[in-house]
Amino acid sequence: MRDSTAKPLPYAGVRVVEFTHMVMGPTCGMMLADLGAEVIKVEPVEGDSTRRLLGSGAGFFPTFNRNKKSIALDLKKPEGIEAALRLIASADIVSENFKPGTMKKLGLDYESLKKRDPRLIYVSHKGFLPGPYDHRTALDEVVQMMGGLAYMTGRIGDPLRAGTSVNDIMGGMFGAIGAMAALRQREQTGEGCEVQSALFENNIFLVAQHMMQFAATGKPADPMPSRISAWGVYDVFTVKDGEQIFLAAVSDKQWAIFCKAFGLAEMLADPRLKTNNDRVLARDWMMPLLRSHLAGYSAAELSAVFEKNELPFAPIARPHELFDDPHLNATGGLAPVRMNDGSESKVPLMPFTLGGERPGIRLQPPLLGEHTDALLREVGYSEADIAGLKQQGIVAGD
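Residues numbered from 1 in each chain as written. Predicted model: local features only at pLDDT ≥ 70, side-chain atom pairs only at ≥ 80, totals over all residues. Heavy atoms only, no water.

Some points on helix α1 (residues 24-34)
Line of reasoning, step 1. Of all eleven residues making up α1, eleven are buried, and the element is well covered by its neighbours.
Line of reasoning, step 2. Looking only at α1, the buried set comprises Met24, Gly25, Pro26, Thr27, Cys28, Gly29, Met30, Met31, Leu32, Ala33 and Asp34.
Line of reasoning, step 3. Immediately downstream of α1, the backbone of Gly36 shows phi near 110°, a positive value. (Buried < 20%, exposed > 50% of the residue type's maximum accessible area, 1.4 Å probe, protein only. Helix = DSSP H or I, 4+ residues; strand = E, 2+ residues; numbered from the N terminus.)

Here's the deal with the pairing of strand β8 (residues 244-249)
Line of reasoning, step 1. Bridge analysis of strand β7 (residues 233-238) against β8 gives six bridges, and the strand direction is antiparallel. Each bridged residue has a counterpart across the sheet, and for Val236 the counterpart in β8 is Phe246. (Pairing = 2+ DSSP bridges.)

Observations concerning the sheet that holds β8
Line of reasoning, step 1. Spatially, the three strands line up as an open sheet ordered β7-β8-β9, and their pairing is antiparallel. Since the sheet does not close on itself, it has two edges, and those belong to β7 and β9 (313-315), each with one partner. Taking the axes of each pair of neighbouring strands and ignoring which way they run, one obtains an average angle of 15° across the sheet.
Line of reasoning, step 2. Docked against the sheet, helix α14 (residues 283-294) engages β7 and β8, running at close to 45° with respect to β7. (Axes fitted to C-alpha atoms, helices over the stretch in contact; angles between N-to-C directions. Contact = heavy atoms within 4.5 Å.)

Topic: a nonpolar patch on the surface
Line of reasoning, step 1. Where nonpolar side chains cluster on the molecular surface, the patch consists of Tyr133, Leu139, Val142 and Met146 and spans about 320 Å² of accessible area.
Line of reasoning, step 2. Looking at the secondary structure, you find Tyr133 in the loop between β5 (121-126) and α6 (140-146).
Line of reasoning, step 3. When its relative accessible area of 34% is taken as the criterion, Tyr133 is described as partly exposed. (Patch = residues over 30% accessible without salt bridge, like charges linked within 9 Å, V, L, I, M, F, W, Y side chains within 5 Å. Areas by Shrake-Rupley, 256 points an atom, 1.4 Å probe, with all protein chains shown as cover. Salt bridge = Lys/Arg side-chain N within 4 Å of Asp/Glu carboxyl O.)

Printed below as a string of structure tokens:
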């Protein structure tokens with residue numbers, strides 16, 4: 001829990017009502033919540049589907065829904081819509097990531113809500129920004145394939161999605177950044193606006209460097225496994241006992257330090273390897289020599305030498321091993337979080353500090369409808385009203 005004597009978080013006092021599920025929309029709300037906003041998650045009465053996902057989705061809910069409150073409403077019923085509208089009337093921001101047209105059918109789209117409150121900020125997370133593709137159903141994998149990222153990640157002829165939900169997560173981040181910008185703009189103009197963030201456009205932003213590489217060189221970018229590296233030494237090495245480690249020397253100074261540390265005086269003196277660009281052009285014959293020379297070292301021995309000499313290196317870690325990472329644990333980068341089954345784990349916090357402190361967890365990921373009663377009371381429902389809504393199955397809660 002955050003120290004009550006600490007400075008208020010930057011978005012304390014901002015209320016967000018989110019109609020979101022999966023990753024993209026919840027990421028936006030999580031960022032705003034971590035930064036102090038009161039984020040109210042509107043769930044169906046049966047609960048957000050990510051509470052029940054298996055496999056790669058099993059961690060979605062506890063990862064992206066901390067610091068939020070939950071209210072469970074049946075938006076298929078007029079009484080559920082009325083409760084949602086009362087909540088929205090108390091909000092600064094509405095966030096949603098449903099299919100195009102869904103919120104309009106419910107009367108919860110921006111144009112409808114703006115008539116009620118011109119100061120409202122409305123964040124839509126979609127597959128595509130308005131245009132020829134906006135009718136398509138998008139997923140992170142879909143836009144990675146059509147947006148060049150899968151091509152860049154895989155081998156030639158074998159496109160491969162990136163190993164995490166990069167567009168969903170970053171799309172939610174850009175939704176949050178847009179909301180922050182809209183709050184600032186509202187301070188200047190007195191009016192809210194609609195913010196739109198999209199998976200496809202996010203993916204294009206990610207591959208912009210490869211597009212501009214073509215613009216600069218006239219040559220299409222090769223996929224990462226077969227690219228021409230910008231650096232002479234910048235590779236994964238297989239070493240003693242089959243261990244693997246990433247090693248790099250990305251400047252002439254680092255090359256000299258590397259050669260001296262590993263007794264490679266002849267290579268350091270070789271005029272064909274004088275500059276980084278020389279070494280890039282010599283990789284076909286240089287790298288086999290380096291691989292052979294380093295093969296007898298253990299990954300731990302190489303790590304020690306590289307760390308001592310301030311050279312870039314990295315063990316090849318698997319995600320589950322990061323729970324025990326000494327740096328993450330020493331710096332407070334992981335915090336206790338409640339899992340869907342009620343057990344406790346640790347979860348990574350946002351990757352920055354404010355005044356030397358990582359924004360932490362003030363509220364655990366909410367139980368389904370955990371805050372329904374309190375929120376309904378706050379927007380004017382009596383105990384009898386709440387009991388009636390529960391009896392009709394329009395709300396679920398504590």
